[in-house]
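One-letter residues, chain by chain:
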Amino acid sequence: MNSSVIGKIKFLHKWLSLLVGIQLLLWISTGLYFNLMDSQKARGTQYLAKSAAMIADDTEKLAQIEPATLLNSFKPAVSLSQVSLLDKPYYLLTHDKALYPYFINHYSLVDAITGTQVFIDKTMAKALAVNSYKGPGNITSATQVSPPFDDRLKEKNTLWRVNFDDEINTSVYIDAGSGRLVGHSNDDKRIVDIAFMLHFMDYANEGSFNNVQIIVFAIFTLFFAFTGFIWTIELGLNGQYSLTQLLPKCLIKKQNNTIQVIDIDGQQLRHVSIPAHENLLDGLIHQNIALPSSCGGGGSCGRCRVKLKPEAKVTACDNQQFTQDELALGYRLACQHTSDEVNSLSLLDITQAEKHQLELISSEFISPFIKELRFKTVSGKPITFKAGAFMRFFIPAASSDSLPVALPESLRSHWKEVESHQFSHDSCSRNYSLANSDHALPGAENELHFTIKLQQAPKFATSQVINPGVGSHYICNLQPGDRVEAAGPFEEFSAQPISERSMVMIGAGSGMAPLKSLIEEQIVKLKSTRPIHLFFGTRSEADLIYQERFTKLAIEHKHFFYYPVLSRPTRLSNGSEPTSSSITNHDGADQSRVNSAPTQGYVQDRLAAQLDEISEQADGLANIEFYLCGPASMMTATIEQLKARGVKESAIAFDSFV
């Protein structure tokens, strides 16, 4: 099936899952409420009293007029019945009779003693309401109202609504034509009515489950199942399922597959042994063959390209990353294929990678969701690298908790919406950028620093428990002294050779890591005096990592400028916006020159506001290098903005993460 069609099916399936999931949650929650609620409260009859029936003796019977005498005095009636209201006898003539009392009916109410027609006025409506009420409240109002009614969805006749001032706000409804007690309603019943509306999708308040919303939802659910079925078939045809995936791991015999590796020039490189069922990206790196990858094996970056036999299966990710001609030649993504599928492969791009055993020195929260982790090599051998490099961590199969270990008390309020649950995960690999330069800072000789965000589970409306980020929770829950294996460093994002051109860096969230590394390399290691402008965006002050560090750099180095931006700043107690002095204060410093006061908005908008000034200082945009790292949406918007201003692609370097 065409990859674009599959893409649309996946898109439709995901959005339908959101719609179906929300309604399923509503069904489950309201169904639970119906099982737990008090039935009397649900009917709204806490203060309902049965009206006293009229006890008529023979004398009273003789005093009543004959019903037949009424038939000629009023409009033709289809039925005549005797009723008792407030212990008095009445005849009720029904002129138009519907199937149910709450459908439209037309009545004439006649005094059975005098033969005169009686109309239900406010005084009589109040008396009828009081007669049916046994609660402690007094009448606050009596109003004649016409349909529709929020409390009586099915009722089509004009009613009197009599309200009482009790603790549950009781309302009594009296039929304005017949004096019939329609019913009681109160706050408890109103809540039940809302639950019924949600449960039966009666969003138009029709008072019925046979509505158009349910029909539309049924169609959507059918499409949801249909698109899921097509997606499953497509994955099966592309070899994404195998019998071994259905078997418990303890029943699968561990074995290795031997694969012949051919280098870029077509020469046989060597044979490698990769464990069965392991994807080629991870398997090759254990053999010190590192393929480029920035998405951690998700198939979205399209960089781990290899050449297999043309008949090798084609996955959905392969379809998205290669042309049909390339697929016919055997081009595939290594992360999407396992060692069981091939006996040889050709490398298209390769980086020599060295593996290291790293030992955690310290792990500290620097924001509610970001930790700074410091490692050293177990061998004691220092690692040299260009600023902006990353390392690939190997995450072993393990069990983790959705909440971070040893969460500080001061940060618990930020995690209160996350439910604690244990989850297991298979082995995998994840890429994390280094946050320091290889130039030894005082007290941090030969250390490797990383700023890693604990990725929470996406907040989808579904009953299924969704696990948070596997790599971030494993790494961030390590304790000092724990060890982990990593490969690299990989130097795919680095500064251009030394020049006098200005550097503009735009980052957000944990995208700070490579930018901080670049800044330290330029200012501390290389002693560069080229202008450096750092634009950094977060949601609130609590997420503004390294604020004091960059403010101090801006004060000490006149060529470094720092622009923090908050998209959702928290107000101070006096209602003012945060300023640099409210965050940190450096006595004797020229604060007027330092741009450390956070502004509100988005980081790309702050860049747009400052770009003309920066360009003028640099004698034109051609004399500026741009470095971006952060969420894809931010980088896409920034790159489009820069290109619209005439900035060349060669002047824009970016490090994406997903």
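Since the structure is predicted, the reported quantities are computational estimates derived from the model, not experimental observations.

1. Notes on the overall build of the protein chain
Argument step 1. What the protein chain contains, in helices and strands, is 16 helices and 29 strands.
Argument step 2. Pairs at least 24 apart in sequence give 66% of the contacts found in the protein chain among residues at least 6 apart.
Argument step 3. For the protein chain, the exposed surface amounts to about 33900 Å²; the carbon and sulfur share of it is 54%.

2. Topic: the confidence of the model for the protein chain
Argument step 1. Taken over all residues, the pLDDT of the protein chain has a mean of 82, while the share at 70 or more is 85%.
Argument step 2. Here residues 52–62 scores under 50 on pLDDT; set against residues more than four positions off or in separate chains, the count is 12 contacts.
Argument step 3. Note on residues 572–593: pLDDT under 50 across the span, and 36 contacts to partners over four residues away in sequence or across chains.

3. Observations regarding the packing of helix H12 (residues 512–525) against helix H13 (residues 547–556)
Argument step 1. Viewed as axis vectors pointing N to C, H12 and H13 meet at an angle of 30 degrees, and their least axial separation amounts to 13 Å. Considering their axes alone, H12 and H13 lie roughly parallel with respect to each other. As for the relative orientation of H12 and H13, their crossing is left-handed in sense. Of H13, the residues touching H12 (which contributes Met512, Lys516, Ile519, Glu520, Ile523 and Val524) are Arg549, Phe550 and Leu553.
Argument step 2. In terms of residue class, the contact of H12 with H13 is made up of 6 nonpolar, no polar and 3 charged.

4. As for the packing of aromatic side chains
Argument step 1. Scanning the entire structure with this criterion turns up 21 aromatic pairs.
Argument step 2. For the pair Phe369 and Trp415, a centre-to-centre distance of 5.1 Å together with 50 degrees between the ring planes defines the contact as tilted. Taken together, the residues span a long stretch of sequence, with Phe369 in the loop between strand S16 (355–365) and strand S17 (370–377) and Trp415 in the loop between strand S19 (398–401) and strand S20 (422–425) at a distance of 46 residues.
Argument step 3. Look at Phe369 and you get buried, because its relative accessible area is 18%.
Argument step 4. Centre to centre, the rings of Phe550 and Tyr562 are 5.6 Å apart; their planes meet at 40 degrees, and the pair counts as tilted. Here Phe550 is found in helix H13, whereas its partner Tyr562 is found in strand S26 (residues 560–566), with 12 residues between them in sequence. Comparing Phe550 with Tyr562 shows no difference in burial state: the two are buried.

5. Quick look at helix H5 (residues 187–199)
Argument step 1. With 13 residues, H5 extends 18 Å between its outermost C-alpha atoms, agreeing within 8% with the 18 Å of an ideal straight helix rising 1.5 Å per residue.
Argument step 2. Within H5, the full set of buried residues consists of Lys189, Val192 and Ala195. Down the axis of H5, the buried set is contained in an arc of 115 degrees. They therefore lie on one face.
Argument step 3. You can read the cap of H5 off the contacts: a side-chain oxygen lies 3.0 Å from the backbone nitrogen of Asp188, and it is on Asn186.

6. Observations concerning the pattern of salt bridges
Argument step 1. This structure, assessed with the given rule, holds 18 salt bridges.
Argument step 2. Residue Glu520 is joined to Arg549 by a salt bridge in which the shortest nitrogen-to-oxygen separation is 3.4 Å. A residue pair is termed long-range when its members are at least 10 positions apart, and Glu520 in helix H12 and Arg549 in helix H13 qualify at 29 residues.
Argument step 3. Overall, Glu520 belongs to the buried group, its relative accessible area being 4%.
Argument step 4. Here the residues in one salt-bridge network are Asp151, Asp187 and Arg190, joined through shared partners.

7. Focus on the sheet that holds strand S2 (residues 88–96)
Argument step 1. Read from one edge of the open sheet, 4 strands run S1-S2-S3-S4, paired in antiparallel fashion. The two strands at the open ends of the sheet, each matched to only one other strand, are strand S1 (79–85) and strand S4 (117–118).
Argument step 2. Pairing analysis gives 2 bridges linking strand S3 (residues 106–111) to S4, with the strands arranged antiparallel. Counterpart to Val110 in the pairing with S4 is Gln117.

8. Some points on the sheet that holds strand S18 (residues 390–395)
Argument step 1. Across the sheet, which stays open at both edges, the 6 strands sit in the order S21-S18-S23-S16-S17-S22 with antiparallel pairing between neighbours. If you trace the sheet from one side to the other, it starts and ends with strand S21 (428–433) and strand S22 (448–453), each paired once. Sheet twist, expressed as the mean angle between neighbouring strand axes with direction ignored, is 40 degrees.
Argument step 2. Where S18 meets S21, 6 bridges bridge the pair, whose relative direction is antiparallel. Within the sheet, the bridge partner assigned to Arg392 lies in S21 and is Asn431.

What counts, and at which threshold
- Residues numbered from 1 in each chain as written.
- Predicted model: local features only at pLDDT ≥ 70, side-chain atom pairs only at ≥ 80, totals over all residues.
- Heavy atoms only, no water.
- Helix = DSSP H or I, 4+ residues; strand = E, 2+ residues; numbered from the N terminus.
- Contact = heavy atoms within 4.5 Å.
- Areas by Shrake-Rupley, 256 points an atom, 1.4 Å probe, with all protein chains shown as cover.
- pLDDT = per-residue confidence, 0-100.
- Axes fitted to C-alpha atoms, helices over the stretch in contact; angles between N-to-C directions.
- Parallel < 35°, antiparallel > 145°, perpendicular 65-115°, else oblique.
- Left-handed = near helix turned anticlockwise from the far one by under 90°.
- Nonpolar A, V, L, I, M, F, W, Y, C, P; charged D, E, K, R; others polar.
- Phe/Tyr/Trp six-rings, centres within 6.5 Å; stacked < 30°, edge-to-face > 60°.
- Buried < 20%, exposed > 50% of the residue type's maximum accessible area, 1.4 Å probe, protein only.
- Expected span 1.5 Å × (residues − 1).
- Arc of directions from axis to C-beta.
- Polar contact = N/O pair within 3.5 Å; in protein donor to acceptor, adjacent residues only side chain to side chain.
- Salt bridge = Lys/Arg side-chain N within 4 Å of Asp/Glu carboxyl O.
- Pairing = 2+ DSSP bridges.

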